[in-house]
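Okay, here's what each chain looks like letter by letter:
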Amino acid sequence: MATSLLRVPPPQGLLQPLAVPERLLLGPGPSNVPPRILAAGSRQLLGHMHPEVLQVMDEIKAGIQYAFQTQNRLTLAISGTGHCAMEAALLNLLEHGDTALVAVNGIWGQRATDIARRLGANVHELLKPPGEYFALWDIEEGLARHKPSVLFITHGESSTGVLQPLEGLGDLCHRHGCLLLVDAVASLGGAPIFMDQQEIDILYSGSQKVLNAPPGSAPISFSERAREKMLRRKTKPPSFYLDMGWLANYWGCDGEPRRYHHTAPINSFFSLREGLAMLAELGLESSWERHRANCTQLCQGLCNLGLELFVKEEKARLPTITTVRVPEGYDWKEITAFLMDNHGIEIAGGLGPSVGKVLRIGLMGCNSTSGNVDRVLHALRDALGCCRRSRL
Ligand code: PMP
């Protein structure tokens, strides 16, 4: 009788078909992936050094240059999510003992602080309550006091729904001998950003928000100033995988023959390429306008439901992600669960410092439509009627 050497049986779950329900993703990301991008991601593999894949990478690079409005040579996509780009930016820029200033008005500043401290940097935080943004004079004071070599700031604070104005910030940083590092994961394509004109030195984003591609690739770009700082490093970046020298070569940014660094997530690149292509076809200005108009319609509808917008100043509202205060007498978890169970719609509660305070509704890329605004408002009206809890 044959006896098996296996002590672990095949898992029952894997013997069932993959289950993926239909959902409308109106949280802070990921957003739904349209058929064209899904189709690109399911194309047959090619080798990661095949000329056709290198060509796709070149197209991605040009697409990022357009989306970022930059001519930077050192522009590429990281093989990882937004966090991976955040780590890539910080670990290539900072060395042990470098001083960094981090603008913290939500979770992303907190995370950047954590990462920079892990790298042994001397990190100072500029603090603002969730829901607020930084004025130039707040930053100027921090720059003068701490003399950092890098300032980190978040353009679209997805945990609070705040859009950070960037006008004048690059110039200010440069007058203080500091590089400007901007997180645009939640805002790229949804709100204007001009990397070169605004003198941003390092800018990164993600694939799964306005670009409507699956998570797993993250656009990033470095100015000449940032490149020079990296060239002056005394020590190697502490990660091989995210070493910008290697990545620059693999992405054809250094004029040298391309060498194998890692096996790129080729199908993620196909998807990202299509996401960038759709943005290029629509045009940045139309995309910004679409997000602005649908956000305005959503905000109006939320107010009509008696909900209170978390970000008071209209111009400081992130057009991709809207935050409302959790209404008195309601449990945010019941509202999000109600929308999911009864309407197949994802919206989210708060994150980090906004947990328990807000509900977050995302309208990003193809999901930013007037029809989706109506759907989520209808679902919320239903939830407000059904979820009220007198004991709260
Ligand atoms: N920064 C911001 C502003 C974000 O909204 C997110 C994603 N929610 C991230 C960084 C991190 O991206 P990821 O989840 O893709 O790692």
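Here the structure is a predicted model, which means the values were calculated and not measured. Each chain has its residues counted from 1, running along the sequence as written. Only residues with pLDDT of at least 70 get local features here, since the model is predicted, and only at 80 or more are side-chain atom pairs given and counted; chain-wide, interface and lining totals rely on the full set of residues. In computing side-chain properties, one takes all heavy atoms of the structure into account and sets aside hydrogens as well as water.

**Student:** Got a minute to help me understand the overall build of the chain in this structure?
**Tutor:** Helices and strands together make up the secondary structure of the chain, namely 12 helices and 14 strands. Over its C-alpha trace the chain gives a radius of gyration of 22 Å, about what one expects of a compact globule, namely 21 Å for 392 residues. Projected onto its principal axes, the C-alpha coordinates of the chain cover approximately 75 × 65 × 45 Å. The cut-offs for exposure are 20% and 50% of the maximum accessible area for each residue type, with area from a 1.4 Å probe on protein chains only; residues under the lower value are buried, those over the upper are exposed, and the others partly exposed. In the chain, which comprises 392 residues, the proportion classed as buried is 56%. In the chain, the share of contacts with a sequence separation of at least 24, taken over all contacts with a separation of at least 6, comes to 73%. Helix and strand labels come from DSSP, where a helix needs a run of H or I of at least four residues and a strand needs a run of E of at least two; each type is numbered from the N terminus. Every radius of gyration here is taken over C-alpha atoms, with the globule rule written as 2.2 Å times N^0.38, N being the number of residues. Contact between two residues is taken to exist if any of their heavy atoms lie within 4.5 Å; hydrogens are not considered.

**Student:** Explain the site of the ligand here, please?
**Tutor:** Every residue close to the ligand is listed here: T81, G82, H83, W108, T154, G156, S158, D183, V185, A186, Q208 and K209. As used in this structure description, the phrase polar contact means that two N or O atoms lie within 3.5 Å; if the pair is within protein, one of them must be able to donate a hydrogen and the other to accept it, and residues adjacent in sequence are counted only when both atoms belong to side chains. The contact in question runs from an oxygen atom of the ligand to an N or O atom on the side chain of T81, over 2.6 Å. A distance of 2.7 Å separates an oxygen atom of the ligand from a polar atom in the side chain of Q208. Methods summary: accessible areas were calculated by the Shrake-Rupley approach with a probe of 1.4 Å, and residue burial reflects only the protein chains presented. For the ligand, whose unbound accessible area comes to 390 Å², protein coverage reaches 87%. Class assignment of the residues belonging to the shell around the ligand gives a composition of 3 nonpolar, 7 polar and 2 charged. Summary of the distance rule: residues count as near a molecule or strand when at least one heavy atom falls within 4 Å of that molecule or strand. Under the scheme applied, nonpolar residues are Ala, Val, Leu, Ile, Met, Phe, Trp, Tyr, Cys and Pro; charged residues are Asp, Glu, Lys and Arg; polar residues are all the others, including Gly.

**Student:** What is the right way to look at helix 7 (residues 224-231) in this model?
**Tutor:** For an α-helix, the turn length of 3.6 residues means that residues three or four places apart are oriented alike. Listed in full, the buried residues belonging to helix 7 are A226, K229 and M230. Projected onto a plane normal to the axis of helix 7, the buried residues spread over an arc of 100° and lie on a single side. Here the arc refers to the directions that run from the helix axis out to each C-beta atom.

**Student:** Which parts of the structure should I look at to understand the sheet that holds strand 13 (residues 348-349)?
**Tutor:** Strand pairing in a sheet relies on backbone hydrogen bonds, with the paired strands running either antiparallel or parallel. What makes two strands pair is DSSP finding at least two bridges between them. The strand order 11-14-13 describes an open sheet built from 3 strands, whose pairing is antiparallel. Each end of this open sheet is capped by a strand with a single partner; those strands are strand 11 (321-325) and strand 13. As defined by bridge partners, strand 13 adjoins strand 14 (residues 358-362) across 2 bridges and the pair is classed as antiparallel. Looking at the pairing, A348 lines up with R360 of strand 14.

**Student:** Quick question: what am I supposed to make of the pattern of salt bridges here?
**Tutor:** Think of a salt bridge as a Lys or Arg side-chain nitrogen and an Asp or Glu carboxyl oxygen that are within 4 Å of each other. Following the criterion strictly, the structure yields 16 salt bridges and no others. Of the charged contacts in the structure, one is a salt bridge between E141 and R145, with a shortest N-O distance of 3.6 Å. Here E141 pairs with R145, and both are found in helix 5 (residues 136-146), just 4 residues apart, close to one helical turn. With its nearest N and O atoms 2.8 Å apart, the salt bridge here joins K315 to E313.

**Student:** Got a minute to help me understand the UniProt feature "binding site: substrate" (unreviewed entry) in the chain in this structure?
**Tutor:** The positions that UniProt labels "binding site: substrate" (unreviewed entry) are, in the present scheme, R360. Looking at the secondary structure, you find R360 in strand 14. UniProt positions are given in the numbering used here, feature names are shortened, and annotations may be inferred rather than shown by experiment.

**Student:** Hey, could you run me through the UniProt feature "modified residue: N6-(pyridoxal phosphate)lysine" (unreviewed entry) in the chain in this one?
**Tutor:** In this structure's numbering, the residues bearing the UniProt feature "modified residue: N6-(pyridoxal phosphate)lysine" (unreviewed entry) are K209. Structurally, K209 can be placed in the loop between strand 9 (202-204) and strand 10 (218-222). Residue contacts for K209: discarding those within four places in its chain leaves P28, G29, S31, V185, A186 and M364.

**Student:** Is there a simple way to explain the packing of aromatic side chains in this structure?
**Tutor:** Between two aromatic rings, the relevant description is the distance of the centres plus the angle of the planes. Any Phe, Tyr or Trp ring, taking Trp's six-membered ring, that has another such ring centre within 6.5 Å forms a pair; planes under 30 degrees apart are called stacked, those over 60 apart edge-to-face, and the others tilted. Counting across every chain of the model gives 3 aromatic pairs. Consider the rings of F194 and W288, whose centres lie 5.5 Å apart with planes at 70°: the pair is edge-to-face. Placement of the pair is F194 in the loop between strand 8 (179-183) and strand 9 and W288 in helix 10 (residues 284-304), with a sequence separation of 94 residues. Take W288: its relative accessible area is 11%, and that puts it in the buried class.

**Student:** I keep staring at the domain arrangement of the chain and nothing clicks. Help me out?
**Tutor:** Bring the parts together and some accessible area is lost; that lost area is often taken as the interface size. Domain limits in this description derive from either an automatic procedure or a database domain assignment. Considered domain by domain, the chain is made up of domain 1 (24-30 + 283-386) and domain 2 (35-280). Taken over C-alpha atoms, the centre of domain 1 sits 26 Å from the centre of domain 2. Taken together, the contacts link 29 residues of domain 1 with 33 residues of domain 2. By buried area we mean the combined loss of accessible area, with a 1.4 Å probe, across both parts when two parts are placed together. Carbon and sulfur atoms make up 65% of the area that domain 1 and domain 2 hide from each other, which totals about 2400 Å². It is L284, W288 and L318 in domain 1 that bury the most area against domain 2; as a group they hold 27% of the surface buried on that side. Our enumeration of links across domain 1 and domain 2 arrives at 0 salt bridges. The interface formed by domain 1 and domain 2 contains 16 residue pairs in polar contact (both at pLDDT 80 or more). The set of elements that each furnish at least two residues to the side of domain 1 that touches domain 2 consists of helix 10, strand 11 and strand 14. A per-class count over the side of domain 1 that touches domain 2 returns 15 nonpolar, 10 polar and 4 charged.

**Student:** It is not clear to me how the environment of V185 should be interpreted in this structure. Could you clarify?
**Tutor:** Structurally, V185 can be placed in the loop between strand 8 and strand 9. In this structure, the C-alpha to C-alpha distance between V185 and S207, residues 22 residues apart in sequence, is 8.1 Å. In this structure, V185 is in contact with G82, Y204, S205, G206 and K209, ignoring residues within four places of it in sequence.

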